[in-house]
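Geometric and topological summary
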Amino acid sequence: MDIDSIRPHTLSREECVRLLSSALIGRIVFTDRALPAVEPVDFYVDGGKIVICTDSSSKVAAATRDTVVAFEADDFDTDARTGWSVTAVGRTRTVHDPEEVTRLTGLPPTAWTTGRGDHFIVLHIERISGRRVHRSPSRHALSPAEHSS
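Keep in mind that what you see is a predicted model, and the values were worked out from it rather than measured.

1. Details of unusual backbone geometry
- Despite not being glycine, Arg33 shows a phi value in the positive range, around 50°.
- Tracing the backbone through its elements, the reader meets Arg33 in the loop between strand S3 (26-32) and strand S4 (35-46).
- Arg33 gets classed as exposed once you look at its relative accessible area, which sits at 71%.
- Positioned with a positive phi, Arg81 is a non-glycine residue whose angle comes to about 60°.
- Mapping Arg81 onto the fold places it in the loop between strand S6 (68-77) and strand S7 (82-94).
- Judged by its relative accessible area of 39%, Arg81 is partly exposed.

Structure below.
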């Protein structure tokens, strides 16, 4: 009988940013009425910062003005038992400068929700960490008869 084990591998900052850049959907973690809240968001990585595009009237827009938040993105293949997860923490700012809004409007992401928002939140990454998991090479397990020898 073969036994597989999952081996975690800690990622470097560069690997974390590269993997974040490949993700389609992320999750922003913020405080909503003194309680933790998590929302899936459209985002992209721009110059080492995470840019979140949302609607200006959304709960995310209201709750993330100039505050510290966490952000997470991942990708897993459950059949192969492989994948990665990256978490970033930092202070946010709302984009007000018209030139920056124009530049950001011309960049990805493709909205996975009902439409692209009109409000940009920039998360300045202060801490970032990640892990990749993968199956280790299979090893032969002892049969019950071999255990009793």
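2. Quick word on the environment of Ser129
- Structurally, Ser129 can be placed in strand S8 (residues 119-135).
- Its relative accessible area of 44% is what places Ser129 among the partly exposed residues.
- With 44 residues separating them along the chain, Ser129 and Ser85 place their C-alpha atoms 8.5 Å apart.

Conventions used here
- Residues numbered from 1 in each chain as written.
- Predicted model: local features only at pLDDT ≥ 70, side-chain atom pairs only at ≥ 80, totals over all residues.
- Heavy atoms only, no water.
- Helix = DSSP H or I, 4+ residues; strand = E, 2+ residues; numbered from the N terminus.
- Buried < 20%, exposed > 50% of the residue type's maximum accessible area, 1.4 Å probe, protein only.

That is the geometry; function is a separate question.
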